[in-house]
Structure formats: structure tokens, C-alpha cells
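Residue strings, one per chain:
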Amino acid sequence: MSIQQQVSLRPFNTFGLHVEAENFAAFTNVEELQSLLRHAKEKKWPLFILGGGSNVLLTQDVPGLTLHNQIKGITAIKEDDRYVWVKAGAGEVWHDLVLWTLDRNWGGLENLSLIPGYVGAAPMQNIGAYGVEIKDTFDHLEAVEMATGAVRSFSLEACQFGYRESVFKHELKGQYIITHVVFRLEKEPTTFHTSYGAIQSTLADMALTELSIQAISKAVIRIRQSKLPDPKVLGNAGSFFKNPVIADSRFRSLQKNYPDMPHYPLPDEEVKIPAAWLIEQSGWKGKRVGATGTHVKQPLVLVNYGGATGAEVWQLAQQIQAAVKDAFGIQLEPEVNVW
Ligand code: FAD
Ligand code: EPU
């Protein structure tokens, strides 16, 4: 068990923010994790768990013990005529898992290509993109309870997945460390999900002879690379806010003043409004404040131009929330986990 003191978390978060972890340790299996949890309990250290650091905003030094998930391994554990069940260690890079499944022609994760981060954080917010969320292929996960070290399995129902939501962000917040995730993937013939956004037009540009999950993955990668900043070049954590969901009646009253307001109808008489549009209309697209700002192509992405602090990014986020609230009466909710 190797625990380091006063470790800079700059290399461990995609905003590229410098804060220090009082104590820092990586773990590569469940036993190592359980032993670290026992040690932290003896020391009365609070715990913080990091994967790829692509969905956190670190605004202050982290007291206690920061745990870095390095549990590796991807294996097919079961199959029938139609499906194969794939188990992945929570410390695997998400996109590596997607590529591994594409190599075997197993369908379900292709629309989620190139999402940064590790497998273990994916269930935290039920990651989603281009018409697919992990709940669509999720089978179950294994997690270790922080307080006791006990291993528990969570079914799809137990995870309570919603749009960028799960039980781990609410009732069970800060209580479990996810160690493995199992997905149920389709064998050939696989279902293609191509109706969302620019997938169809991008596929058409690619002049394919045949549609495949590999082609969908390439199309998604192409769209993402054209829109979203690469964190290696410009610090960011993807969409900073969730797209707000409002009642249909509220939307219709706003629409009187904003006839061009984009919107996506949902069940239960609700409507999703793109936060990017609200932010752009509030005058914040591409705006820079000191070393922070909103991305020039996608204002929902807050960026660190270099040298910003987490507190400065959080201040910018709050200014944007206030501007959108002022203009539209809509409260934007952070998607990113603010520490
Ligand atoms: P981290 O940032 O390390 O952690 C996120 C949260 O989960 C923290 O609260 C952390 O404490 C907790 N956590 C981490 N690992 C575990 C674990 N093993 N057990 C329990 N809790 C844990 N997200 C989408 O949904 N769709 C997108 O299209 C998308 N695009 C993005 C594009 C860019 C350029 C970037 C930078 C981010 C994007 N994201 C997107 C957000 C992000 O990639 C995902 O939320 C991803 O799942 C975060 O993984 P991570 O390992 O980096 O998590
Ligand atoms: N828009 C503007 N101005 C802009 C950009 C976008 O008005 O500068 C409006 C347009 O109406 C556009 C709409 O916003 O049609 C949606 O934009 P986009 O297609 O870029 O998607 P998004 O809603 O901003 C969501 C997710 C992304 C995910 C994409 C693709 C959330 C919070 N974000 O973004 O996820 O990759 O759809 O599915 O749901 C993330 O979670 O970090 C993330 C990047």
C-alpha cells in the first residue's frame, strides 16, 4: 500500500486545475481498495474517488485520502445466441472499452465513442451521447461500500438511472466505489442508432458501402472532434450544465417571446431546452473572463485557457447561471461534480 502526501491533482483532472490531495493512493484490485479503506477509517480521513477526472471541477485542496481507480481488465463472462455480457474493470479507459467491443463486432456502445473518463464513473451520471445512454446496455455493477468495505452488486433498477443521473449522485452519494461494470451487448445483427443529430449526414459524407457499428463510431468521433475541445489542448470537462427540463406549459409561455427556442419534447408533458442556446442567447458564447471562458463553438463547455483556478471557473459558472435565470427564469444545474 503506497500512499503519497501533498500530490498535485493537475495531471488527474481534464480542466488542468492545480489543487493538492493531502494523501493520494492508486488501487488495482478490490483487496487493495479494501485495505486502503481500512487505513483511511483508522486515520479518520474523508475519502475522494477519482477516475479520469473529466467530470470534476476542483475548487480547493482535497483533505483526507484521494483514491485513484486503476482496476483493469475486460472479459466476456457469458453469452447466448443473441447477447454477450462484458465485464470491465472500473479503471479501464471508457473509449478503450468501446474499441474492444467494436473489434469483436459487439454492438451497443458505439454511439458513446470518445467520451473521456474511466468505466467506473460512467454509471455515476449514466453517460449519454448521440441518442444512447449506458442504461441501454447496462446489466449490473459491483461496488465497494466505503464505510464497511463490503462488496455489493447493483442491478439496472437499483441504479435508478435518469438523464445524467443515478442513485450514486443522490441517496448513495459518496457511499460506494464502483469496481466493475457489466454490459449486455448485441451480437450480429446489431441494432443501429443513427437518428440523432448529425449522425445520418456525417455517415452520408463518409461514402460507405455498408452501415456498421464501426462506421457509426467513426461518425460520432468525427462529430465530437468538430465540436468539442480536446482537454489535452484546452482544459474542460465537457458540458458544464445539464440541459434543463421544463414543463410543457412553461415552454409554451416562453415560446411566445422566443419563437425560435429549440426544444425536444419528452414524456410527461415536459420539454428539454438546450442549455447551449440559453447561454448563447444570454450573450455568453465565446466570452472570456480572465483565464476562463465559454468555448467559442459550444458555450455549454467552460474552459481553462491556462492558469485559471477552480474557484474562477466556478465563479464564471455562477455568472452564467445568473444571466440565464435573469433572461429566461430557468435555473441551470451543473452536470460537472464540483468539489
Ligand atoms: P471523474 O471526473 O474522475 O469522476 C466523476 C465523478 O464520479 C466524481 O464525483 C467522482 O468522485 C465519481 N467517481 C469516479 N470514479 C468513481 C468510481 N469508480 N466509483 C464511484 N464514484 C466514482 N459525459 C457524457 O455523459 N456524455 C458526453 O458526451 C460527454 N462528453 C464529454 C466531452 C469532454 C471533452 C469531456 C472533458 C467530458 C465529457 N463528458 C461527457 C463527461 C465525462 O467524460 C463523463 O462524465 C465521464 O464518465 C467521467 O469519467 P471520469 O472517470 O473522468 O470521472
Ligand atoms: N446550440 C446553440 N449554440 C451553440 C451550440 C449549440 O444554440 O453554440 C444549441 C443548438 O440548438 C443545438 C443544441 O444546442 O442543436 C444542442 O447542441 P449539441 O448537439 O452540441 O448538444 P448539447 O445538448 O449541447 C448534449 C450533451 C453532450 C453530448 C451531446 C450529443 C448534455 C448536457 N450534453 O450536448 O454531452 O455529447 O448532447 O449527444 O446533455 C457532456 O455531458 O459532457 C456532453 C458533452
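Trainee: Give me the domain arrangement of the protein: which residues, what numbers.
Mentor: The assigned domain composition of the protein is domain 1 (4-69), domain 2 (74-227) and domain 3 (235-338). Taken together, the contacts link 15 residues of domain 1 with 16 residues of domain 2. Its largest share of buried area at the contact with domain 2, domain 1 owes to V30, L37 and N69, together 35% of the area lost on that side. In this structure, the connection of domain 1 to domain 2 is made through zero salt bridges. Counting only elements with at least two residues in the side of domain 1 that touches domain 2, the list comes to α1 (30-43), β3 (47-50) and β5 (62-69). Counting residues per element, the side of domain 1 that touches domain 2 draws most heavily on α1, which supplies five residues. In the side of domain 1 that touches domain 2, the residues fall into seven nonpolar, seven polar and one charged.

Trainee: Residues and numbers for helix α8 (residues 310-328), please.
Mentor: The terminal C-alpha atoms of α8 lie 27 Å apart, and with 19 residues this matches the ideal 27 Å at 1.5 Å per residue to within 8%. Those residues of α8 that sit buried are G310, V313, L316, A317, I320, Q321, A323, V324 and F328. What you see down the axis of α8 is that its buried residues fit within an arc of 165 degrees, all on one side. Downstream of α8 by one or two residues, G329 has phi in the positive range, about 70 degrees.

Trainee: Kindly report on the site of ligand 1, identifying the contributing residues and their values.
Mentor: What surrounds ligand 1 is a group of 33 residues, the closest being I49, G51, G52, S54 and R224. One nitrogen or oxygen atom from the side chain of N69 is found 3.3 Å from a nitrogen atom belonging to ligand 1. Within the complex, the protein chains bury 94% of what would otherwise be the 970 Å² of accessible surface of ligand 1. At the level of secondary structure, the elements contributing two or more residues to the shell around ligand 1 comprise β3, β8 (128-129), β12 (176-186) and β13 (235-239). Counted by class, the shell around ligand 1 contains 17 nonpolar, 14 polar and two charged residues.

Trainee: Run through the site of ligand 2, naming residues and quoting values.
Mentor: Near ligand 2 there are 24 residues, and of these Y130, Y163, E280, K285 and E335 occur at the shortest range. Within the side chain of E335, a nitrogen or oxygen atom sits 2.5 Å from an oxygen atom of ligand 2. Ranked by residue count, the leading element in the shell around ligand 2 is helix α7 (residues 275-281), at three residues. Of the residues assigned to the shell around ligand 2, the class counts are 12 nonpolar, four polar and eight charged. Both domain 2 (74-227) and domain 3 (235-338) contribute no fewer than three residues apiece to the shell around ligand 2.

Trainee: Quick rundown of helix α2 (residues 94-103)? Include the residues and the values.
Mentor: Each α-helix turn comprises 3.6 residues. Residues three or four places apart therefore point the same way. When you tally the buried positions in α2, you get seven out of 10 residues, the bulk of the element. For α2, every residue scored as buried is listed here: W94, H95, L97, V98, W100, T101 and L102. Contacts made by the buried residues of α2 are with β6 (74-79), β7 (83-89), β12 and α5 (213-227). N105 sits one or two positions beyond α2 and adopts a positive phi of about 65 degrees.

Trainee: Any chance you could break down the layout of surface pockets for me, citing the residues and the numbers?
Mentor: Computed from the structure, the second largest pocket encloses a volume of approximately 170 Å³. Contributing to the lining of the second largest pocket are Y83, G107, G108, E110, V132, D136, T137, R184, L185, E186, T191 and H193. Looking at the lining of the second largest pocket element by element, the count peaks at three residues for β12. In terms of residue class, the lining of the second largest pocket is made up of three nonpolar, five polar and four charged.

Analysis parameters
- Residues numbered from 1 in each chain as written.
- Chains lettered and ligands numbered in written order.
- Predicted model: local features only at pLDDT ≥ 70, side-chain atom pairs only at ≥ 80, totals over all residues.
- Heavy atoms only, no water.
- Domains from an automatic or database assignment.
- Contact = heavy atoms within 4.5 Å.
- Buried area = accessible area lost by both parts, 1.4 Å probe.
- Salt bridge = Lys/Arg side-chain N within 4 Å of Asp/Glu carboxyl O.
- Helix = DSSP H or I, 4+ residues; strand = E, 2+ residues; numbered from the N terminus.
- Nonpolar A, V, L, I, M, F, W, Y, C, P; charged D, E, K, R; others polar.
- Expected span 1.5 Å × (residues − 1).
- Buried < 20%, exposed > 50% of the residue type's maximum accessible area, 1.4 Å probe, protein only.
- Arc of directions from axis to C-beta.
- Near = heavy atom within 4 Å.
- Polar contact = N/O pair within 3.5 Å; in protein donor to acceptor, adjacent residues only side chain to side chain.
- Areas by Shrake-Rupley, 256 points an atom, 1.4 Å probe, with all protein chains shown as cover.
- 1 Å grid on protein atoms, 1.4 Å probe; cavity = no way out; pocket = protein on both sides within 12 Å on 5 of 7 lines; lining within 4 Å.
- Points joined across faces, edges and corners; volume = space filled by probe spheres on them.

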